[in-house]
Every structure is written in structure tokens, then in C-alpha cells.
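Chain residues, written in single-letter form:
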Amino acid sequence: MVIVGGGMAAARACINLRANDYAGTITLVSEETLLPYDRPPLSKASIVDEAAHAPVLLLDDSIVASLKVDLRLGHPATAINRADQSITLSDGSTIAYAKLLLATGAKPRKLNCPGGEHALTLRDHKDTVVLRQKFGPGKKIVVIGGGFIGLELASSASKLGCTVTLIEAQPRILMRGVPEAIAKIVHDAHVAAGVTMIIGTGISHITESAVHLTDGRIIAADTVIAGIGASPEIKLAADAGLAIENGIACNAQMQTSDPNIYAAGDCASFPHQQMEGKRIRLEAWRSAQEQAATAAVNMLGGDKAHTNVPWFWSDQYDLSLQIAGSAELGPNTITRIPAEGALVLFHMADDGTIKGVSGIGLGNSIGRDVKIAEILIAKSTRPSPEILADASQPLRALLKG
Amino acid sequence: MTQWIDACAKDDVAEEDVIRFDHAGRTFAIYRSPDDKFYATDGLCTHEKIHLADGLVMDNIIECPKHNGRFDYTTGVAKGAPVCVNLKTYPIKLEGTRVFINIA
Ligand SMILES: Cc1cc2nc3c(=O)[nH]c(=O)nc-3n(C[C@H](O)[C@H](O)[C@H](O)COP(=O)(O)OP(=O)(O)OC[C@H]3O[C@@H](n4cnc5c(N)ncnc54)[C@H](O)[C@@H]3O)c2cc1C
Ligand code: FES
């Protein structure tokens, strides 16, 4: 078995292959020089908390030894030779595979306005080390993009005393996948923390020391960061002639158009049963783990469809946000207020089936409700709207029957 | 050394549920299983020190509200990603309507 990638999906694939009693060789090829590490802290604790500066390893030396994984770090795979079932690395070496897993992740989109090259991006631990040096009291930080990574970086920069401006071209932050009422709570938290939020305005160009907006305003900047989304890392797959459709196109078994090649994590798209068979690609930490687990079973001859409900979280200031399922498929909203300042929205289809849940609140105030909703989504149930809306009635009752 | 502490009333914990119990600067989680037995563990997740009492109990499992890490609260055993360090468990005894936990 050969795994290309050094992130969450790759690490979990190694663990799951062994957990499913696979005793043969596992080779993990990563272009990074570090052992596989966790990415979510890179925009959060790794920046603000000195004690958390070191990468959080997903596979440390002792786990690698106990799983007997052959690590090839520091050299990207440059080609897949499907005819003879091997891959080539940048150092010219080749590795043969019986089954190959592509877990190549995604890479940040670059700004294409003039001067876009001045903007830093965040994907790996090296990027975090650079950003950490740029942040500090009074530093003028301009974040372009009101998606999760941009917002988390704005939160971290503001915690470190920077003067932060966030610029979003859309009419509001978190346009993709987050209901407006929840995005508003996030927006207000940034304003309360002193972040200047410039919404609905585009970028004209960027210089070494400022961001020029389309409405003529000029925002001085010591550091400019772009958080405008990520695109799946598909080059290897595309060059090898594998089907590509918003990522490396897989079936529900996480198998690509070549039966000996699988894909998992941020690079992969697949049809999802709960999403009415629609092809989706997720950039989410738990999904990367779960897809790797599905792929591992099927690489060993299984036939498991990937049906896990998508789930995502984000932390900003003291707020925790969690989303499960799909808001899009549930046009009717039921609101629950589990605690002061917290909000949970259930996204219901016209026939009363629960399709998605979005929650935000201080600390852990919404975790349990989101979890119960996720179980209901997985079972495609039609829970009582009265109980969903009434925070004095525990949702747990909905799990029975 | 045994140190039995009166933690709560039995009725404070619903069946298949958990509550938080703080004592002398430490925090614990007290569980009542579907078969009506009581258990106690450290209160904080071994991943990022999140209060497990805010999580969901399903059968013998407590799921952390933060990143869905799972533990068997009857044994403290971590049940897979992202948690890998087991939870410490504490003995429980019941006297009348009260639940005592041995935190020594
Ligand atoms: C800053 C940040 C914060 C995040 N926060 C959250 C969060 O709060 N909640 C959440 O749910 N998700 C979050 N995510 C998303 C989550 O981290 C990803 O979904 C997850 O890392 C995906 O894992 P992956 O293995 O698919 O890809 P990645 O972790 O990106 O790993 C891909 C790996 O493949 C390697 N690679 C690529 N091409 C090649 C090649 N040709 N040869 C060899 N190696 C190659 C890369 O170097 C990398 O090591 C965050 C992501 C980032 C970047
Ligand atoms: S804090 Fe409990 S799983 Fe992460």
C-alpha cells in the first residue's frame, strides 16, 4: 500500500489499514519534511499560545514504529505510472503499489489582483512560523477574505494586540455554508474585539505597505494575509488521467476512476447519500479522518460506502461554531436558544426531515445539541419541531423511538 | 488512601447522562449508565481540556463536545481519534440517595 500525502487523511489511513489487520508494507510519501501533524491549531493555538508552538504530531516516531510505516518525507510524488502501478518521486526514485491512496489535501488560493504576491497564505506549519513573527502589539494586519481561516487569523492577530482589518468582497462574511444569523454573531464578535470589518468591498491592488480598495480607500498594512479559500491538490491525479470533478472524482467507496487508486480528504470529491447523491468535496478535519477510514477498508477489498454526516467546527475568540449536514438541503429553519448568546439552527426539508444543523455559542454550549442533531440527520428522521425549538426540553428525548 | 466525597444526589444525574462535579480545585464528571450504574472520571477531555459533562452520553460512551473524541466512561479507555490518552476513573459508592466518589 502506498499513500501520497502527509496530513490527516494520510495519517488516519496508516492507522486504519493496520486496525483492519493489514500486515503488508505501508509507504507514506509526503512532500513535507515534518511527520504528519494537525492543521487546525495552525490558525489558532499555534499562533497565540507559546506553549503550543510545536506542531501537534498525528503520527510520532513511536506510532510510526509500531505501525511499521515506511516514511518517505521531503520529496513530493511527481507522477503516477498507472500501467506498471508505481509512483515516481522528485528525487527520481520509484515505488510500486498494489493500491494507492491520494491524500494530497488542498492549497490556498492566490489573490490574482495586482500585487497579490504580497499577501501571505496559511496551509502548513512553516506558514504559521512566518505569521507568528509578523504578529505583535500594534502591528497592522490586513486579512483578505471572511472565510474560516481568515476569520480565525483575525481573531488570533487581535488576541496578540495587532490592529486588524478584515476585508470581504461578498455582502457578508461566511457566505458559503453558514446561515446569516450565525455569521452575524461571528461578525459582531470581531467588531467587539476591535477588528475593522470592511464588507462588500473588493481589492483594487496591493503594495508593499497598503491594500487599495475598489472604492478608493487605502488601508495601511505591515502584513497582508489572503484567506480566500483553497483548491484541491489534483495535479498528480490529473496528469495521470484520473477523472477530476471539483477534486479527484471518487465513487462513494472513495475509489477514483482507476480501481487501484483511492483518494481521501480535502483533495477528494464523492457522491453523498445524505446530500441526495450530490457530489461534494469537504475541507474538514473529521471528514478527512472518516474518508481515510472508508478508503482503508475498501483498499483491503471491502465495499463500504462513505455516508458519514459532514461535520465542521471553528473557534474564534470565546465562540465555538459547529456545523453538521447541509443547510442548503433544509430551507426551513427552526431556532433553538440553548444558552444566553448561543444559537442553534436546524435546517429542515419540506417534508420535515432534518438535513443540517448550525450552532454557535460560548465554550461548549452547543456541542451536545449539534451532536444529537447529527445523529438525527444520519437517520433521516423527522423530529418534533416543538422539541427542537424549546430549549427547556432536552433533545435527547428525540433519540428514542 | 481513600477519600470519599459526597458528590451529588442520585437524582441529579439522569439515566444515560453526565454532570460536572468540582471539588478542591479539581473537576470530575459523574455518569449514570443506561443500566442505572454510576461512574466517575476526570472532568476534562485528555485532548484539549474541555469539560466532558457538556458532551453526550451514549451507552457506555461519553463523546467530547469539542471534537467528538470518545471515551468508555466505565473504564476511561480512549476510543480513537482525536483522543489517544485514557481518562482517569474514580471509584463510586452509593449511600441512600447520595453518590460518593473516591478522589484519592
Ligand atoms: C489553518 C487551518 C485551520 C483549519 N481549521 C479547521 C477547523 O477548525 N475545523 C475543521 O474541521 N477543519 C479545519 N481545517 C481543515 C483540516 O485541517 C483539513 O480538512 C485537513 O487537514 C485535511 O486533511 P488532508 O490529509 O486531506 O490534507 P492536508 O492536511 O492538507 O495534507 C495534505 C498533505 O499532502 C502533501 N502533498 C500534497 N501533494 C503532494 C505530493 N505530490 N507528494 C507528496 N505529498 C504531497 C502535503 O504536503 C500535505 O502534507 C483547517 C485547515 C487549515 C489549513
Ligand atoms: S477536546 Fe475533546 S476531543 Fe478535542
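This structure is a prediction, so every number in the text was calculated from the model and none was measured.

Right, let's get into the side chain of A:D266. Residue and element names in this part refer to chain A. For D266, the position within the fold is in the loop between β18 (261-263) and β19 (268-272). Of note is the side chain of D266, whose polar atom sits 2.9 Å from the side chain of R123. In contact with D266, not counting residues within four places along its chain, are G105, A106, R123, P232, R281, L282, E283 and A284.

Residue and element names in this part refer to chain A. Each assigned domain of chain A is listed here: domain 1 (2-107 + 230-299), domain 2 (110-226) and domain 3 (318-400). Between the C-alpha centres of domain 2 and domain 3 there is a distance of 30 Å. Tallying the contact residues gives 9 residues for domain 2 and 9 residues for domain 3. Here domain 2 meets domain 3 over a buried area of about 740 Å², counting both sides, of which 91% is carbon and sulfur. On the domain 2 side of the interface with domain 3, the three residues burying the most area are P179, I182 and I185, jointly 59% of the side's total. Run the count over domain 2 and domain 3 and you get 0 salt bridges. Linking domain 2 with domain 3 are 0 residue pairs in polar contact (both at pLDDT 80 or more). With 5 residues, helix α6 (residues 180-192) is the largest single contributor of residues to the side of domain 2 that touches domain 3.

Calculation rules
- Residues numbered from 1 in each chain as written.
- Chains lettered and ligands numbered in written order.
- Predicted model: local features only at pLDDT ≥ 70, side-chain atom pairs only at ≥ 80, totals over all residues.
- Heavy atoms only, no water.
- Helix = DSSP H or I, 4+ residues; strand = E, 2+ residues; numbered from the N terminus.
- Polar contact = N/O pair within 3.5 Å; in protein donor to acceptor, adjacent residues only side chain to side chain.
- Contact = heavy atoms within 4.5 Å.
- Domains from an automatic or database assignment.
- Buried area = accessible area lost by both parts, 1.4 Å probe.
- Salt bridge = Lys/Arg side-chain N within 4 Å of Asp/Glu carboxyl O.

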